[in-house]
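Chain residues, written in single-letter form:
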Amino acid sequence: MRRYNERLILSAIRRLNGASKAELARVTGLSPQAVVRIIDELDSDGLLFQAEKRTGGMGQPATVYRINGARGYTVGVEIGRNAMTLVLLDFDGQQQALQRDASPFPTIDLAVERIGRFLHEQLPASLREPGTFLGVGIAMPWFLGEWRDELGISERQAAEWRREDVADRLRAGLNCPTFFDNDGNAATLAHLLCGAGGDLQSYLFINLGTFVGGGLVLAGQVVQGRHGNAGALASMPVMVDGRRDSLIHHASLYDRDRATTPAALEGWRHRCTEALTFAIAGANSLLDLEAVILDGSLEAHELASIAAAVERQLAADAPPDFFAPDIRVGTLGQRAAAIGAGLLPLHAQYSPDLSSLFKRA
């Protein structure tokens with residue numbers, strides 16, 4: 001229980017981006033005496049530091065505590081269908097270095113080589129000791145080798161990523177603590193802990209990437225599902241122009257990239273908006289979400305335009321008993337899955353069940 005409460009305090013401070021002892025007692029439900037004891041111990045161990053004094057109200061100014069970023073480091077990796085993104089995070093989840101290598105379908109050996117080189121270049125040997133370097137998180141689509149027709153890749157390229165020993169081969173090549181999740185769940189975790197979902201308890205995350213994907217947060221935690229594939233969204237049924245299809249064929253950027261004229265691009269935006277609205281309406285009718293977060297590889301102005309169009313269409317088509325979720329635009333973009341992957345070692349070692357993180361009034 002003591003270890004759990006320490007994790008609870010660390011998670012709350014990370015998600016609140018700093019908090020006083022009184023604030024932590026309020027949001028975690030722990031007694032003020034327990035919070036004081038835990039904070040003092042974490043501060044003594046170097047996991048926290050006293051960042052500032054906050055004034056307001058009656059009494060003495062409150063001390064705000066923050067995570068000590070220098071306490072440890074992680075590397076997050078997204079292995080995508082057309083690029084690899086690598087990020088170095090400190091213990092506070094703050095980005096220290098970023099690298100993006102654009103190349104379609106890297107081999108597993110090439111992925112291991114790039115991760116090793118990134119570690120060598122970005123993290124001094126003195127910081128790679130156990131206890132300081134917490135490990136590598138890897139995010140990738142569970143079905144990386146599928147959808148060959150849409151991507152135009154060979155069977156040989158696809159087959160390497162379908163093998164059952166992919167995780168074992170990556171782990172053996174890296175020879176350090178290694179954590180895995182799919183790219184949608186990792187990006188969703190990034191938005192939960194350091195993105196647009198920091199103040200939310202339930203939301204659907206939608207990533208407009210090469211293939212549309214996403215993740216789901218309920219009761220303050222990322223929902224994995226039976227196969228770790230909850231919220232993947234690509235195969236979600238939608239109706240577009242009166243025809244049943246899958247979301248992947250209407251809200252994915254591989255399809256947008258085929259638009260060679262302004263009219264074709266506008267046609268893709270129309271189909272994307274219609275398909276997203278259909279998917280969001282169905283998900284929200286089932287889950288009664290606080291918000292939907294849209295992010296991805298699009299330029300900020302185009303992403304904002306699509307979000308606004310979805311919001312208008314939801315309002316226009318909603319039945320009387322439909323409570324529309326907020327539509328938010330994320331700002332992590334192409335970094336989201338890699339940042340979420342980098343958070344996996346922290347999340348595994350220092351995070352409790354987030355469903356008890358914030359108490360409702």
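Each value, and the rule that gives it
- Residues numbered from 1 in each chain as written.
- Predicted model: local features only at pLDDT ≥ 70, side-chain atom pairs only at ≥ 80, totals over all residues.
- Heavy atoms only, no water.
- Helix = DSSP H or I, 4+ residues; strand = E, 2+ residues; numbered from the N terminus.
- Polar contact = N/O pair within 3.5 Å; in protein donor to acceptor, adjacent residues only side chain to side chain.
- Contact = heavy atoms within 4.5 Å.
- Phe/Tyr/Trp six-rings, centres within 6.5 Å; stacked < 30°, edge-to-face > 60°.
- Buried < 20%, exposed > 50% of the residue type's maximum accessible area, 1.4 Å probe, protein only.
- Lys NZ or Arg CZ within 6 Å of the ring centre and 35° of its normal.
- Salt bridge = Lys/Arg side-chain N within 4 Å of Asp/Glu carboxyl O.

1. Topic: the side chain of Thr28
Now for step 1: Among the structural elements, Thr28 can be located in helix H2 (residues 21-28).
Now for step 2: Of the polar contacts made by the side chain of Thr28, one reaches the backbone nitrogen of Leu30; its length is 3.3 Å.

2. A few points about the side chain of Thr178
Now for step 1: By the element assignment, Thr178 lies in strand S7 (residues 178-181).
Now for step 2: With residues up to four places along the chain from it excluded, the contact list for Thr178 reads Val136, Ile138 and Arg171.

3. Describing the packing of aromatic side chains
Now for step 1: Inspection of every chain in the model, using the stated rule, returns one aromatic pair.
Now for step 2: On the numbers, 5.3 Å between centres and 90° between planes, the contact of Phe211 with Tyr254 is edge-to-face. In this pair, Phe211 is assigned in the loop between strand S8 (203-208) and strand S9 (213-218) and Tyr254 in helix H9 (residues 253-256), connecting sequence segments 43 residues apart. In terms of burial, Phe211 and Tyr254 fall into one category: buried.
Now for step 3: Over the face of the ring belonging to Phe91 we find Arg14, whose NZ or CZ atom lies 5.5 Å from the ring centre.

4. Some details on the pattern of salt bridges
Now for step 1: Here the structure, examined in full by the defined rule, presents twelve salt bridges.
Now for step 2: Note that Arg117 is salt-bridged to Glu113, the shortest N-O span being 3.3 Å. Of this pair, Arg117 and Glu113 both sit in helix H4 (residues 108-122), four residues apart, which is roughly one turn of that helix.
Now for step 3: Assessed through its relative accessible area of 47%, Glu113 is described here as partly exposed.
Now for step 4: Note that Arg256 and Asp257 form a salt bridge whose closest N and O atoms lie 3.9 Å from each other.

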